[in-house]
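Tertiary structure, described
If you want the building blocks of each chain, they are given just below.
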Amino acid sequence: MVIARMADIVKRYGTHLVLDNVSIEMGKGEIVGLLGPNGAGKTTLLFALTGLIGVDSGEIELFGRPLGDNTLETKRRIGFVTQEVSVFQDLTARENLEFFGGIYGLRGPGLKQRVQHALEIVGLAKYANRLPAKFSGGMSRRLNIACALVHAPEFLIMDEPTVGVDPQSRRHILETVRELNRQGTTVLYTTHYMEEVQAIASRVIILDQGHVIAEGTISDLVEQIRHEERIRLEVVDVTEPLLQNLRKLEGVKGVVVEDRIVRITTQVGFGNLDRVLAAASEAGGVLSINAERPTLEDVFLTLTGKQLRDGGEE
Ligand SMILES: Nc1ncnc2c1ncn2[C@@H]1O[C@H](COP(=O)(O)OP(=O)(O)OP(=O)(O)O)[C@@H](O)[C@H]1O
Ligand SMILES: [Mg+2]
């Protein structure tokens, strides 16, 4: 069963084309990771999918029905974890959940039970009567997630739910997603973090500048770049002559610098390690050099020429 479908979606803000013919589909029971750098259009896609914003053209269906036909009943089947924490600071955690549950039509003992369950899922039962103003970043995020879960949605949409959280909360959030999925919830999970996608997603959609540039399982995507090699070079000092030397080598497709580490993407079969070492040594001190196995991060780098976390919020 198809839970959500977007076909040929175009969305402009003024003259800025934010979604350019985007088509995606989600089947029941999937966890799909939606990856993309800042400004790729991820949040816009999620807003369009749920009807929070209109689109210029294209078709959207939820649970097999056109978006325009959506009743309150359809909306109750969706939970949306927003990128910005959107809870009431002057209501306790429990009161927040009661409020959001109430919006979705829960009442009385049913509401109470769901609120308690949501608190437990995100590990905030002990803090139910506290104000979110006193919460850590991670706890606030978990409450934000609980607010989107309280009505037991079939389809959970999460917009960067782990930005700025401590490792313990992150683990908890990922485990929550897995557990909900085991119980049948379909999840669309947006993130900058490759490891999260690798840990939980059954399928990945990569969005860049409003385009879906790749889609598939992680192994499908890594397979696509098997013709790439990655070399990690550690140097005493990253200098312009060094970078110039590397960039002009035959077969080099990308050079990315992170402190004293230079990551080089090349075509296979050029005797790359030797040539890169020679070119680098000519420009200065090389501390180490080694070849790396491609990861999803490399897929992204190859397809877009930039790192996923460029300008990220870490
Ligand atoms: N309401 C708006 N008006 C005008 N431009 C907008 C609006 N919302 C988003 N944009 C622009 O659309 C583009 C995509 O934004 P969007 O928030 O969807 O990106 P994103 O992938 O979610 O990024 P991030 O990782 O930073 O959350 C950006 O260039 C942004 O500036
Ligand atoms: Mg966003």
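Note on numbering: residues in each chain are counted from 1, in written sequence order. Starting at A for chains and at 1 for ligands, labels are handed out in the order in which the entities are written. Only residues with pLDDT of 70 or above have their local features reported here, since the model is predicted, and side-chain atom pairs are shown and tallied only from 80 upward, although totals for entire chains, interfaces and linings are computed over all residues. The basis for every side-chain value is the complete set of non-hydrogen atoms in the structure, without hydrogens or water.

1. Some points on the overall build of the chain
For the record, the criterion: Put simply, DSSP marks the helices as runs of H or I at least four residues long and the strands as runs of E at least two long, and each gets a number from the N terminus on. Each residue gets one of three labels from its accessible area relative to the maximum for its type: buried under 20%, exposed over 50%, partly exposed in between, using a 1.4 Å probe on protein chains only. Should any heavy atoms of two residues lie within 4.5 Å, those residues are considered in contact. Accessible surface is estimated by sampling points in the Shrake-Rupley manner with a 1.4 Å probe; for residues, cover comes only from the protein chains shown.
For the chain, the count of helices and strands is eleven helices and 14 strands. Reported as C-alpha extents along the three principal axes, the dimensions of the chain are approximately 75 × 45 × 35 Å. Scored against the burial criterion, the 314 residues of the chain give a buried share of 49%. The long-range fraction of contacts in the chain, counting pairs at least 24 apart against all pairs at least 6 apart in sequence, stands at 70%. Put simply, the chain shows about 14,500 Å² of open surface, and 49% of that area lies on carbon and sulfur atoms.

2. Looking at the domain arrangement of the chain
Which entries qualify depends on this criterion: Domain borders in the structure are assigned automatically or taken from a domain database.
The domain boundaries assigned to the chain delineate domain 1 (2-222) and domain 2 (228-293). Look at where the C-alpha atoms of domain 1 and domain 2 centre, and you get two points 39 Å apart.

3. Regarding the coordination of the magnesium ion (ligand 2)
Here is the rule: Water is not among the atoms examined, so metal sites may look incomplete; donors are the N, O and S atoms within 2.8 Å of the metal, or within 3.2 Å for Na, K and Ca.
Thr 43 (OG1) and Gln 83 (OE1) make up the full set of protein donors to the magnesium ion (ligand 2), lying at 1.9 to 2.2 Å. Taken together, the residues Thr 43 in helix H1 (residues 42-49) and Gln 83 in the loop between strand S6 (78-81) and helix H3 (93-103) connect sequence positions 40 residues apart.

4. Here's the deal with the packing of aromatic side chains
Heads up, the condition is: Note on aromatic pairs: the rings of Phe, Tyr and Trp (six-membered ring only in Trp) are paired at centre separations within 6.5 Å, and the planes decide the class, stacked below 30 degrees, edge-to-face beyond 60, tilted for the rest. Charge over a ring is defined by NZ of Lys or CZ of Arg lying within 6 Å of the ring centre and within 35 degrees of the ring normal.
Scanning all chains against the criterion turns up five aromatic pairs. An angle of 25 degrees between the planes, with centres 6.1 Å apart, marks the rings of Phe 88 and Phe 100 as stacked. Taken as a pair, Phe 88 in the loop between S6 and H3 and Phe 100 in helix H3 lie far apart in primary sequence, twelve residues in all. By relative accessible area, which is 17% here, Phe 100 ends up buried. Taken together, a centroid distance of 5.3 Å and an interplanar angle of 85 degrees make the contact between Phe 99 and Phe 100 edge-to-face. Site record: aromatic cluster; members linked through ring pairs are Phe 88, Phe 99 and Phe 100. Above the face of the Tyr 13 ring, Lys 11 is positioned so that its terminal group lies 4.9 Å from the ring centre. For the cation-ring pair, Arg 170 lies above Tyr 193, with the distance from its terminal atom to the ring centre recorded as 4.0 Å.

5. Re H1
Across the eight residues of H1, six count as buried, placing the element largely inside the fold. Residues of H1 that are buried: Lys 42, Thr 44, Leu 45, Leu 46, Ala 48 and Leu 49. Backbone geometry just after H1 places Gly 51 at a positive phi near 75 degrees.

6. Describing the side chain of Thr 92
The topology assignment puts Thr 92 in the loop between S6 and H3. Residue classification places Thr 92 among the buried residues on the basis of a relative accessible area of 12%. Apart from residues lying up to four places away in sequence, Thr 92 is in contact with Ala 128, Asn 129, Arg 130, Leu 131 and Pro 132.

7. As for a nonpolar patch on the surface
Stated precisely, the cut-off is as follows: Patch membership is restricted to residues that have no salt bridge and whose relative accessible area is over 30%. Joining uses 9 Å for like charges and 5 Å for the nonpolar side chains Val, Leu, Ile, Met, Phe, Trp and Tyr. The rule for a salt bridge is simple: a side-chain nitrogen of Lys or Arg has to be within 4 Å of a carboxyl oxygen of Asp or Glu.
Residues Phe 88, Phe 99 and Ile 103 make up a contiguous nonpolar surface patch of about 270 Å² in total accessible area. Secondary-structure assignment places Phe 99 in helix H3. Relative accessible area serves as the criterion here: at 37%, Phe 99 is assigned to the partly exposed category.

8. Quick look at the site of ligand 1
For clarity, the cut-off: Any residue with at least one heavy atom within 4 Å of a molecule or strand is counted as near it. In the analysis that follows, any N or O atom pair within 3.5 Å is treated as a polar contact, provided that within protein one partner can donate a hydrogen and the other can accept it, and provided that, for residues neighboring in sequence, both atoms belong to side chains. When residue character is reported, Ala, Val, Leu, Ile, Met, Phe, Trp, Tyr, Cys and Pro are called nonpolar, Asp, Glu, Lys and Arg charged, and the others, Gly included, polar.
In the neighbourhood of ligand 1, 14 residues make up the surrounding shell, with Gly 39, Lys 42, Thr 43, Thr 44 and Gln 83 lying closest. With respect to ligand 1, the side chain of Thr 44 contributes an N or O atom lying 2.5 Å from an oxygen atom. Gln 83 has a polar side-chain atom sitting 2.8 Å from an oxygen atom of ligand 1. For ligand 1, whose accessible area on its own is 640 Å², the fraction buried by protein is 63%. Secondary-structure elements contributing two or more residues to the shell around ligand 1 are strand S2 (16-27) and H1. Broken down by element, the residue count for the shell around ligand 1 peaks at three residues, all from H1. Of the residues assigned to the shell around ligand 1, the class counts are four nonpolar, eight polar and two charged.

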